[in-house]
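# Descriptive structure summary
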Amino acid sequence: MTAAAPLFERVAIIGVGLIGGSVGKALRAHGLAGRVVGVGSGDDTAQALALGLIDEGAADPVAAVAGADLVIVATPVTTVPAIFEAIAPALAEHALITDCASTKGTVVQAAQRWLGAALSRYVAGHPIAGSEHSGPGAARADLFAGKRWLFSPGPQTQADAPERLMALVARMGARPALLDAGLHDAMFAEYSHAPHALVFALCLAVADGPHADQLADLAGAGFKDTPRIGASSPALWTDILIDNADETVASLQRFAVALAQMSDVLAAGDRAALQSMITRASAWRADVEK
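Residues numbered from 1 in each chain as written. Predicted model: local features only at pLDDT ≥ 70, side-chain atom pairs only at ≥ 80, totals over all residues. Heavy atoms only, no water.

## Digging into the pairing of strand E2 (residues 33-39)
Burial within E2 is extensive, with five of its seven residues counted as buried. For the crossover that starts at strand E1 (residues 8-14), traverses helix H1 (residues 18-29) and ends in the parallel E2, the hand is right-handed. Sheet topology places E2 next to strand E3 (residues 56-57); two bridges connect them, and they run parallel. Each residue of the ladder has a partner; that of Gly38, found in E3, is Gly57. Of the crossover connections in this fold, the one passing from E2 over helix H2 (residues 44-50) to the parallel E3 is right-handed. (Buried < 20%, exposed > 50% of the residue type's maximum accessible area, 1.4 Å probe, protein only. Helix = DSSP H or I, 4+ residues; strand = E, 2+ residues; numbered from the N terminus. Right-handed = clockwise from strand over helix to strand, strands pointing away. Pairing = 2+ DSSP bridges.)

Right, here's the structure in full:
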């Protein structure tokens, strides 16, 4: 990794688990921040410091943001409103603020309610990167390499704020882009939230079935790859699915229709109809990879 001139003198990261810890590690690895201050729950702060993800640990979010040029909130979506409320009075007048939440509706509303004058320096964000593993120990400096990092500025956002954040994450190896917050939640219900719900349901179905005990010995790569995300953090994904429930339910209902159609053609032994469905699905999936 090639060091670069710092873009921010002091960066505060609230939440130093997989995402926040990886942000800190990438910032330090690429020399993009003069100093990275972090705070997490439990022993996450001490662990992040010991692993070199941050330069300095803070006692709480308010202490972390003092004097920071950039504040990155990388905690579960349900905690973001309270964090915004707590840190708003302590933010420096020039500080940029962003988040890493997988849903945008709730955090944007919280920003509008709590950030006050700092709202013009807030840009909702979402790095499209992750892992079935969690915590500071799972953090990687290259987690964002080649991955999309989306930003959703509001009508009140300063014109240069998204540009500065996009320049930062690009130097971390990410591919930044802009996306409306409402459209973001509708799209990611389709791309991520409903698929996670489906995988959790699949794992439950197999776990409750008659052959669950033989899975480890007999299942091939097809099954093991398909439900990989079923090992994701239960607390994190409960928050995400509840927060974007309406859009996720709409996507699940479309899946239910497709599943019912496939069940019907299977029950009828309709080979031509089944092959047509699989061909259409396979062609669409191949196009996505192009």
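## Regarding the nonpolar core
Ranked by internal contacts, the top residues of the largest apolar core, which has 35 residues, are Val11, Val23, Leu27, Leu70, Phe144, Trp149 and Met172. Only E1, H1, E2, strand E4 (70-73), strand E7 (148-152) and helix H6 (160-171) provide two or more residues apiece to this core. In this structure Leu27 touches Val11, Ile13, Leu32, Ala33, Val36, Leu168 and Met172, once residues within four positions along its chain are discounted. One finds Ala64, Val71, Ile97 and Leu119 within the second-largest nonpolar core, a separate group that totals 29 residues. (Core = buried A, V, L, I, M, F, W, Y, C linked by side-chain atoms within 4.5 Å. Contact = heavy atoms within 4.5 Å.)

## Let's talk about the sheet that holds strand E8 (residues 175-178)
Here eight strands make up an open sheet; going across it, the order is E3-E2-E1-E4-E5-E6-E7-E8 and the pairing mixed. What marks the edges here is a single partner per strand, and that holds for E3 and E8. Sitting on the sheet, helix H4 (residues 80-87) is in contact with E1, E4, strand E5 (96-99) and strand E6 (122-127), with an inclination near 155° to E4. Sheet strands touched by H6: E1, E4, E5, E6, E7 and E8. Its angle to E8, the strand with the most contacts, is close to 160°. (Axes fitted to C-alpha atoms, helices over the stretch in contact; angles between N-to-C directions.)

These results come straight from atomic positions and should not be treated as a statement about function.
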